[in-house]
Amino acid sequence: MGGLKLVSMERIGKLCEDTKRLVIYGAGTVSNILYLYLKSKGLSEKIQCFAVTKRENNPYYKYGLEVLEAEDAVQLYRDALVLVGVQNILSEAIREYLTALQYENYEFIDVESLIHIFYDRLYRSPIQKNKIIFSNMKDMGYGGNPKYIAEELLKSDLEKRLDLVWVVSQQKYSFPKGIRTVETGTFEYYYELATAHMWVDNTRKNFDARKRRGQYYIQTWHGAAPIKKVEKDAEGSLPKSYVANAKKDSEMADVFLSGSKFYTELYRKSFWYDGPILKVGLPRHDVFWKGEVIRRKVFQHFGLMEEKCMVLYAPTFRKDFTNQYYDIDFTAVLSALTKRFGREFVLAVSKHPDNRYLEYDFAQKDFIAVDRYDDFEELLKAADVLISDYSGCMYDFSYTRRPVFLYQRDYESYKEDRDFYVPMEELPYIKAYSNEELVRRIEEFDMAAYQKRLDTFMDGMGNYDDGTASKKVSKYIWGILDKMTLSISEENANAESIMFALSQDSSCER
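Residues numbered from 1 in each chain as written. Predicted model: local features only at pLDDT ≥ 70, side-chain atom pairs only at ≥ 80, totals over all residues. Heavy atoms only, no water.

Asker: Is there a simple way to think about the pattern of salt bridges in this case?
Answerer: For side chains of opposite charge, pairing can occur when their charged atoms come near one another. Under the defined criterion, the tally for this structure stands at 30 salt bridges. For the salt bridge of D375 with K147, the shortest nitrogen-to-oxygen distance reads 2.7 Å. Pair noted here: D375 is in the loop between β17 (368–369) and α12 (376–382) and K147 is in helix α6 (residues 144–156), with a separation of 228 residues, a long-range link. A relative accessible area of 1% means that D375 is categorised as buried. A relative accessible area of 4% means that K147 is categorised as buried. Note that D482 and R161 form a salt bridge whose closest N and O atoms lie 3.2 Å from each other. With a gap of 321 residues between them, D482 in helix α17 (residues 469–483) and R161 in the loop between α6 and β9 (163–168) connect regions that are remote in the sequence. Residue classification places D482 among the partly exposed positions, given a relative accessible area of 47%. (Salt bridge = Lys/Arg side-chain N within 4 Å of Asp/Glu carboxyl O. Helix = DSSP H or I, 4+ residues; strand = E, 2+ residues; numbered from the N terminus. Buried < 20%, exposed > 50% of the residue type's maximum accessible area, 1.4 Å probe, protein only.)

Asker: How should the sheet that holds strand β7 (residues 106–109) be read in this particular structure?
Answerer: Strand pairing in a sheet relies on backbone hydrogen bonds. The paired strands run either parallel or antiparallel. One open sheet holds the seven strands; their spatial order is β1-β7-β6-β2-β3-β5-β4, and the pairing between them is mixed. At either end of the open sheet lies a strand with only one pairing partner, and these are β1 (6–7) and β4 (61–62). Two elements, strand β6 (residues 81–84) and β7, share three bridges in a ladder whose sense is parallel. Each residue of the ladder has a partner; that of V82, found in β7, is Y106. (Pairing = 2+ DSSP bridges.)

Pasting the structure below:
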């Protein structure tokens, strides 16, 4: 930590009592716990705002308070005590930044001490053996692998034994009967996390998550494609804080789900993980074995006439949050699609979750924004054509055997930044590096030749999917729930203990 002085939580109360105004530096999960801790001490009224180094993809509000760039925050509240609540790995850079702003009234909290005290209270509540908590893409609603697992569990739970909890960022999503929700960042969220028997997630758990002995963590992951490099293979392009969290998440995981031989090998090589892998396919891919009911559902949701076709535009994010590479000429593209396929197309646009606040840089105004639709996999099932760039969704969409066009104007710079597992020229999808080329490729598209290349490529990946992954994972979970009841009973007998030593005991075969 370079000699950085950390303030213990014992001193925080005194410091806060002696100041009139407080600013919390940080907008992540550590700042959540810090805010909840201060609130429990009756000090939340003194908090003026949250501060971040750069706006980028940070929220605009937390707990009803503004999230400001630090430069603005320290100007507005020159007399405030700034409490820095971030992962230790980020602290030195923040100290340098505050020094550059000539701001001296700040303290770095002892993060481990804060989390220890916070979870001490939570761990006095026993684990509830039939509770499972789900999260999808950082709390983006009801979708992904967790959704299909949850729905299969609901079907098989004839005795209504299970308590299924879903983490949401906003309480506006709709869920089936049998699933209740909890809002991320609230005290109730941490309580549910601490007392659930099982976690089911498809992205890395945040820094604030602490798994206790007797809990079981299923990491379903959200990737399936051999496209852009991830995790350890992209470590140089990832924030250090993410890498630290990823390693911790893999240490906590009891099992990873895999959809293909390719991903099984990737977990071993690049995910800092050497535990069990359940090789049954990805539950979210089961949707591609369903009939036209999904298409009708999506079209009815957006008020589309079924005789029309839908082209889905779903690019990935850029780490600098630029919008300059989303500049497709959709007027020309829609015309080309109609010319090639003989039907009228409507445009649906799905922003990547990391780009949700970004305005895309294309002139077409007549489109349907679908990124808030809960289940992205249903959008893929409903679409007639997919246009992307480097997103792994091209691989999921391959199960439909429908056309995929890739607009890659920044191919060279993106390749230098992330690179690919399979060279782009070896992928079966149709690639274009300019608007003119994209239009031409659409007009010249050969479906038979494309599907032949696609089938050869997919066969080579060693896919496990056959439309039954959800049932297989549900059966696996029921076995774990029954098998681990004894260990939970033993844990609950000592529930007043602090369980920071994370158990890596696995109840399934390696």
